[in-house]
Amino acid sequence: MATEWLQEIPKESIVHKAYAFALDAHKNETRMNGDPYVSHCLEVGKTCFEWHLGEIAVTAALLHDVVENTGFTIHDIKKNFGDEIAFLVEGLTKLEHFQYPSDPDVENLRKFIISFSEDLRVLIIKLADRLHNMRTLEHLPKERQERFAWETMEIYAPLAYRLGMQRLSGELDDLAFPYVHPEEYKWLLKETKGDYAERQEYAQKVVPIITRELEKNGIYPIHVDSRAKRYFSLYRKLLRYDMDFSKIYDLVALRIITKTVTECYAALGVVHQLWQPFPNRFKDYIARPKANGYRSLHTTVFCIDSRILEVQIRTEEMHEENELGIAAHWAYEQVKNSKKRKAKWKGVEDKKELAWVSQLRNWQENFTGEPEFLEDLKTNFFKDRVFVLTPENDIIDLTVGATPIDFAYRIHSDVGDQCVGAKVNGNIVPLEYELHSGDVVEIVTQRGKKPSESWLSIVKTVGAKKHIRNALNAGRRILRKKAGPAAIEFKAVTVDRPGYLKDVTSTFANSKTNIISLSSQVDSRMKFATVTARTGILPQQKIEKLLVKLKKITGTREVSHRFVQ
Ligand code: MN
């Protein structure tokens, strides 16, 4: 059993009391694989400890299944460990009862979404719990395996991603993948077996070359290494690329970890000087981080042997934040003050809590049960998201302030274009209605309907704006075509002689026709010139008269006209 990590915690910490309590409470229980049940509690506690969650959360992690599985009640927890830990354990017990998607009760789903927002620690401990359950999934009966894997892929991995916990999200997806898509998983494993090893080897060959080049330019990276793309994210990407491996350039990517942001860009310059960058593949997630906070530079280059390689460049701080998300962020705040590089355990004697714990408690105190809690969340880690539901209970996350139109465009651009009305929780609402987390949204469409220009000032999401503009522009193009040409171009070919251009302009002037633009070109043998004059649209009669007059000018060999846009 994983007890070593407990040694790192001060003896007087409540964590040890919780371990003793859990050991006793679960003493008659075993897991499916025959291990004592408390081994699961220890693993969950250990993960939370490694995520720097703090004493209260680690204690709650050790106790998370006590109420659910044993004769002890939440009052016993409260009596022995206090209100805060009991609050977390209660939240975890509630989450345990939540089922998705077999549970058709929408209200339950809303409660779920709100419950995790009340105190993110509940959700994060739940993620640690789910991680261990997924790692030991092989021991469960088949039916439970499938349910667990589905929930993990549909709820927990996306939530981890939203919290910026990239590594966890990727691992959860990978653990669920073989159970959710067994055939595809087997296929992918077979297809990539040789590829992975070979590309990894190639990337390793590149590491010393780029390291040397960086050092030559005065950049001493903390790390240069390679990482293989995770199976499930590879699978998802392949779905978008017709299952064609040759289109996936980041199967193995090179990763450069630098000390400063300036060095990130400097390193990028060195990489681009060394190897030709692939057009349109450069992404600056430092200047424009992803919605979940991910920061890095990505580029794709033609590397040695003309092979295509993706390179990711980031600082160590970005790297930790990308991997650990929310936990790393708050741990950093703490480290800044403690001078130590790694966030160390904060024992009971240390009154200073991890900054994020108090931050979360603030949210909880101020916003529990209040719809406004989202207002606060938007400035924090859920940043600007609201979670709404389709009538089929699919969760759609949107920017705060998003309207039914944003929702419609997220479902499909056609649904957006043809949207004429919306129902929220069964009631008809105006299209500019602001959606809230937990809302069930239904869109009313009408075939052939086009979006209105006024929508541009209503919608909040970039995607919706883009679709609306596209639809409006398509409409304008059609209108212009119907409106016909915008100008006439007269062309006269002439013997090149002085004064010809003046005669042409006087001809137009005498016919009271304005020239919009005029140009002349002399051909290479200097014998002939072509004069082109543009006018507005003229009646056919006038055009013919002009053509006759132009022809009469001395030296004219040929005249013609055409309508232009
Ligand atoms: Mn558990």
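Reading the values: rules and limits
Residues numbered from 1 in each chain as written. Predicted model: local features only at pLDDT ≥ 70, side-chain atom pairs only at ≥ 80, totals over all residues. Heavy atoms only, no water. Helix = DSSP H or I, 4+ residues; strand = E, 2+ residues; numbered from the N terminus. Buried < 20%, exposed > 50% of the residue type's maximum accessible area, 1.4 Å probe, protein only. Pairing = 2+ DSSP bridges. Axes fitted to C-alpha atoms, helices over the stretch in contact; angles between N-to-C directions. Parallel < 35°, antiparallel > 145°, perpendicular 65-115°, else oblique. Contact = heavy atoms within 4.5 Å. Nonpolar A, V, L, I, M, F, W, Y, C, P; charged D, E, K, R; others polar. Expected span 1.5 Å × (residues − 1). Arc of directions from axis to C-beta. Polar contact = N/O pair within 3.5 Å; in protein donor to acceptor, adjacent residues only side chain to side chain.

1. As for the environment of Arg295
Relative to the helices and strands, Arg295 resides in the loop between strand E4 (283-284) and strand E5 (297-302). A relative accessible area of 22% places Arg295 in the partly exposed class. Once the C-alpha coordinates of Arg295 and Arg314 are considered, the two residues, 19 residues apart in sequence, prove to be 7.2 Å apart.

2. As for the pairing of strand E6 (residues 308-315)
Remember that side chains alternate between the two faces of the sheet whenever the strand is regular. Taken across its eight residues, E6 has seven buried, putting it largely inside the fold. Note: strand E2 (residues 252-258) against E6, six bridges, orientation parallel. Its bridge partner lying in E6, Leu254 is registered against Val311. Two elements, E5 and E6, share six bridges in a ladder whose sense is antiparallel.

3. Considerations on the packing of helix H12 (residues 182-216) against helix H13 (residues 231-240)
Interhelical geometry of H12 versus H13 gives an angle of 100° and a closest axis separation of 11 Å. In terms of their interaxial angle, H12 and H13 are classed as roughly perpendicular. Contacts from Glu184, Trp187, Leu188, Leu189, Thr192 and Tyr196 in H12 reach Tyr231, Leu234, Tyr235 and Leu238 in H13. Across the contact of H12 with H13, the residue classes break down as eight nonpolar, one polar and one charged.

4. Brief notes about helix H2 (residues 14-25)
Given a rise of 1.5 Å per residue, 12 residues ought to cover 16 Å, and the 16 Å separating the end C-alpha atoms of H2 matches this to within 8%. If you check which residues of H2 are buried, you get Val15, Ala18, Tyr19, Phe21, Ala22 and Ala25. When H2 is viewed along its axis, its buried side chains cluster within an angular range of 165° and face the same direction. Contacts from the buried residues of H2 go to helix H1 (4-7), helix H3 (38-50), helix H4 (55-62), helix H5 (66-69) and helix H6 (74-81). One side-chain oxygen at the N-terminal end of H2 lies 3.1 Å from the backbone nitrogen of Val15; it belongs to Ser13.

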